Amino acid sequence: MKIKFSEKALKETGALVLLAAQGPKLDSTGKHYNKATGGALDQAFKTSNFKGKRGEAVQVLAPSNIGFSRLLVFGLGPAKEVTTISAENVGAAIAAKLLRSGEKFLTVMADTPGGVKTKAGEFASHIAAGLRLRAYHFSKYLTKQPENKKARLEEAIIVTADQAAAGLYAEMDLVIDGVYMTRDLISEPANVVYPKSFATAIKSLEQDGVEVEILGEKELEKIGMGALLAVGQGSDRESYVAIMKWSGGKKGQAPVALIGKGVTFDTGGISLKPGAGMEEMKWDMGGAGIVTGAMRALALRGARANVIGIVGLVENMPSGKAQRPGDVVKSLSGQTIEVINTDAEGRLVLADILWYCQETFKPKVMIDLATLTGAIIVALGRGQYAGFFTSDEGIAKALTKAGEESGDRVWRFPLSDEYDKLINCQIADMKNVGDGANAGSITAAQFLKRFTNDVPWAHIDVAGMVWTLKPGRLWDKGATGYGVRLLDRYVKDNFEG
Ligand code: BES
Ligand code: MN
Ligand code: ZN
């Protein structure tokens, strides 16, 4: 969808969207069209008891004396409670409503009503961001459904008097390009996105100025990534590690590192998962998808920071070559691991790339993202908060703030020596699961911590955020693109002087 900004409505065609603060209070355009339609808006407000509350909307199909096909009014809630996040939500609600309506052209009257504290340009640009984020759809494999052939929104004009809006949005638009890339990678099935093809997609970031290095199995063996390789050994598909380097900061300045779990399909391995719902494990590369999209976003907008992205790309399959429960593997750090459960594979992948990252790049901070545990979904549900773990108070604060500001929210969980003890093991330095029943997300995080070499680090468990079965705030059902804007904001606020 093309999004343009204008100081006034350009043509009277397609859908006209008006925004009303609680009351409802219409702006002058709203009043104009209410009159032109013989009071149709007032009538609709009365009939549907519309008050302009947050989340409320009414629609009037326009009479033939005006050029627009329909008029929609979306509630903003009390003017003084309007924020950039609520503006995004309204933009998303507009897209959700019109996406499959057959409408191609849309005009949004996005001037801020009286009493709104958010700056007009900020407000309008966030409406646009919400609109584009929610308009994403992954339909390339639908060849028959009629809805796929229906017209889609093609162009939106955002009307605002604040000329700053277009510039503010231009940067957000580039970040949303990153979100779209993440969603595409996550939506693809595992017969299309597998370690090698994922690595090829990452290679395409070179066009945006990202340096990309791809390590295949031979190199990984030479380096000594025994834990990561053990996960991939049951698959016919080769394992890879991809390293992305964006050097937008000062030369020689230590980078911030983003690390992602990229299990392109997780069957559980010999500790096989139950069949029901296993198709969801195509998005077990969600962490790597987020890191890749975030690197793209940072490069496109020319972030003034040095950022490293590292993803471990493997497929976890059962086969005659697969690792067995009870196998002992030697990680790159030198520490040995007894693999009690081959389905606790993500941490084995991350263990080696975390160690490799700190040793090779001496980063200031490492943030890893992974669909690591089902337990985090039990704790936080789907589509609300990702769970995060860190021993560093500064990172905890910064991530929480970036989460609130970007709308990609995170909630902190504890780490402690007592939890750490739960992965001690009799026959190796550690085992890859805790007691199997309790505090599963925390013991997973404790496991990762043992591979950070005390470099400032946070782990974000995104298992509940990558994919939803219901449409959410800024996404249709399916891949959410969660995390890209969180990382973008975190880098922007903390590493770009
Ligand atoms: N990829 C899964 C975690 C997951 C589960 C993500 C559901 C999204 C939705 C991970 O590899 C896994 O299998 N974790 C196990 C760990 C257990 C064996 C200790 C889990 O959560 O059950
Ligand atoms: Mn697993
Ligand atoms: Zn997994």
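Criteria and cut-off values
- One numbering rule holds for all chains: residues counted from 1, following each sequence as written.
- To read the labels, note that chains go from A and ligands from 1, taken in the order they are written.
- Local features are withheld for residues below a pLDDT of 70 in this predicted model, meaning they are given only at 70 or higher, and side-chain atom pairs are given and counted only at 80 or more; totals for whole chains, interfaces and linings count all residues.
- Heavy atoms from the whole structure form the basis of all side-chain values; hydrogens and water molecules are not counted.
- Each metal's donors are the N, O and S atoms within 2.8 Å of it, or within 3.2 Å when it is Na, K or Ca, and because water is not part of the set, sites may look incomplete.
- Metal sites are grouped by the angles between bound donors: all angles between 85 and 135 degrees with four donors is tetrahedral, opposite donors over 155 degrees apart with the others between 65 and 115 is square planar for four donors and octahedral for six, and any other pattern is irregular.
- The rule is simple: take the accessible area with a 1.4 Å probe, protein chains only, and divide by the maximum for that residue type; under 20% is buried, over 50% is exposed, in between is partly exposed.
- An automatic or database domain assignment supplies the start and end points of every domain.
- Pairs of residues are marked as contacts when any of their non-hydrogen atoms sit within 4.5 Å.
- In short, buried area is how much 1.4 Å probe accessible area vanishes from two parts on joining, totalled over both.
- A pairing counts as a salt bridge when a side-chain nitrogen of Lys or Arg comes within 4 Å of a carboxyl oxygen of Asp or Glu.
- To be near a molecule or strand, a residue needs just one of its heavy atoms within 4 Å of it.
- Counting of polar contacts relies on pairs of N or O atoms within 3.5 Å, with two restrictions inside protein: one atom must be capable of donating a hydrogen and the other of accepting it, and residues adjacent in sequence are counted only when both atoms are side-chain atoms.
- Only the protein chains shown count as cover for residues, and the accessible areas themselves come from Shrake-Rupley with a 1.4 Å probe.
- Two rings from Phe, Tyr or Trp (for Trp, the six-membered ring) form a pair when their centres are within 6.5 Å of each other. A pair whose planes differ by under 30 degrees is stacked, one over 60 is edge-to-face, and the rest are tilted.
- A run of DSSP states H or I qualifies as a helix once it reaches four residues; a run of E qualifies as a strand once it reaches two. Both are numbered from the N-terminal end.
- Charges are assigned to positions over rings by a cutoff of 6 Å between ring centre and Lys NZ or Arg CZ, combined with an angular limit of 35 degrees from the ring normal.
- A fitted line through C-alpha atoms serves as each axis, taken over the contacting stretch for helices, and the angle formed by two N-to-C directions is quoted from 0 to 180°.
- Should an angle fall under 35 degrees it is taken as roughly parallel, and over 145 as roughly antiparallel, whereas 65 to 115 is taken as roughly perpendicular and any remaining angle as oblique.
- A clockwise turn of the near helix away from the far one marks a right-handed crossing, whereas an anticlockwise turn of less than a right angle marks a left-handed crossing.
- Any residue that is not Ala, Val, Leu, Ile, Met, Phe, Trp, Tyr, Cys, Pro, Asp, Glu, Lys or Arg is counted as polar, Gly included; the first ten are nonpolar and the last four charged.

**What about the coordination of the manganese ion (ligand 2)?**
In step 1: Within the first shell, the manganese ion (ligand 2) binds the protein through Asp-266 (OD), Asp-343 (O), Asp-343 (OD) and Glu-345 (OE), at distances of 2.1 to 2.2 Å.
In step 2: Of note is the manganese ion (ligand 2), whose six donor atoms meet at the metal with angles of 70 to 166° in an arrangement that counts as irregular.
In step 3: Summarised as a motif, the one-chain spacing of the donors to the manganese ion (ligand 2) is D-x76-D-x1-E.
In step 4: Taken as a pair, the manganese ion (ligand 2) and the zinc ion (ligand 3) lie 3.1 Å from each other and share Asp-266 as a ligand.
In step 5: We classify Asp-343 as partly exposed; its relative accessible area is 21%.

**A word on the coordination of the zinc ion (ligand 3)**
In step 1: With distances of 2.0 to 2.4 Å, the protein atoms coordinating the zinc ion (ligand 3) are Lys-261 (NZ), Asp-266 (OD), Asp-284 (OD) and Glu-345 (OE).
In step 2: Of note is the zinc ion (ligand 3), whose six donor atoms meet at the metal with angles of 78 to 174° in an arrangement that counts as octahedral.
In step 3: The motif formed by the donor residues of the zinc ion (ligand 3), counted along the single chain, is K-x4-D-x17-D-x60-E.

**Regarding the domain arrangement of the protein chain**
In step 1: Per the domain assignment, the segments making up the protein chain are domain 1 (2–161) and domain 2 (175–495).
In step 2: One C-alpha centre belongs to domain 1, the other to domain 2; they are set 38 Å apart.
In step 3: Of the residues lining the interface, 15 residues belong to domain 1; the matching set on domain 2 comes to 21 residues.
In step 4: Here domain 1 packs against domain 2, burying approximately 1,600 Å² in sum over the two surfaces, 51% of which is carbon and sulfur.
In step 5: The largest contributions to the domain 1 side of the interface with domain 2 come from Arg-132, Leu-133 and Tyr-136, which together make up 45% of the buried area.
In step 6: If you look at where domain 1 meets domain 2, you find five salt bridges.
In step 7: Ionic pairing is found between Arg-132 and Asp-177, a salt bridge with its closest N-O pair at 2.9 Å.

**Some thoughts on the site of ligand 1**
In step 1: In the region of ligand 1, 17 residues are neighbours, and Lys-273, Asp-284, Asp-343, Glu-345 and Gly-374 sit closest.
In step 2: In this structure, an oxygen atom belonging to ligand 1 sits 2.8 Å away from a side-chain N or O atom of Asp-343.
In step 3: Within the contact set of ligand 1, a nitrogen atom lies 3.3 Å away from a backbone nitrogen or oxygen of Thr-371.
In step 4: Summarising the interface, the protein chains cover 78% of the accessible area of ligand 1, which totals 510 Å² for the free molecule.

**Considerations on the packing of aromatic side chains**
In step 1: Considering all chains together, one arrives at eleven aromatic pairs under this definition.
In step 2: Ring geometry for Tyr-136 versus Tyr-180: centroids 4.9 Å apart, planes at 80°, classification edge-to-face. Placement of Tyr-136 in the loop between helix H4 (120–134) and helix H5 (146–149) and of Tyr-180 in helix H6 (residues 164–187) is noted, with a sequence separation of 44 residues between them.
In step 3: Of the residues examined, Tyr-136 reaches a relative accessible area of 8% and is grouped as buried.
In step 4: Residue Tyr-180 is classed as buried on the basis of its relative accessible area of 19%.
In step 5: Over the ring of Tyr-180 we find Arg-132; its NZ or CZ atom is 4.4 Å from the centre of that ring.

**A short note on the packing of helix H10 (residues 286–300) against helix H16 (residues 484–495)**
In step 1: Their axes nearest at 8 Å, the elements H10 and H16 cross at an angle of 50°. Classified by the angle between their axes, H10 and H16 sit oblique to one another. As for the relative orientation of H10 and H16, their crossing is right-handed in sense. Contact with H10, carried on its side by Ile-290, Gly-293, Ala-294, Ala-297 and Leu-298, involves Val-484, Leu-487, Asp-488 and Val-491 of H16 and no other residues of that element.
In step 2: Considering only residue class, the contact of H10 with H16 consists of seven nonpolar, one polar and one charged.

**What about the pattern of salt bridges?**
In step 1: Throughout the structure, instances matching the rule amount to 27 salt bridges.
In step 2: The shortest N-O distance in the salt bridge between Lys-492 and Glu-171 comes to 2.4 Å. With a gap of 321 residues between them, Lys-492 in helix H16 and Glu-171 in helix H6 connect regions that are remote in the sequence.
In step 3: Judged by its relative accessible area of 35%, Lys-492 is partly exposed.
In step 4: Judged by its relative accessible area of 31%, Glu-171 falls in the partly exposed class.

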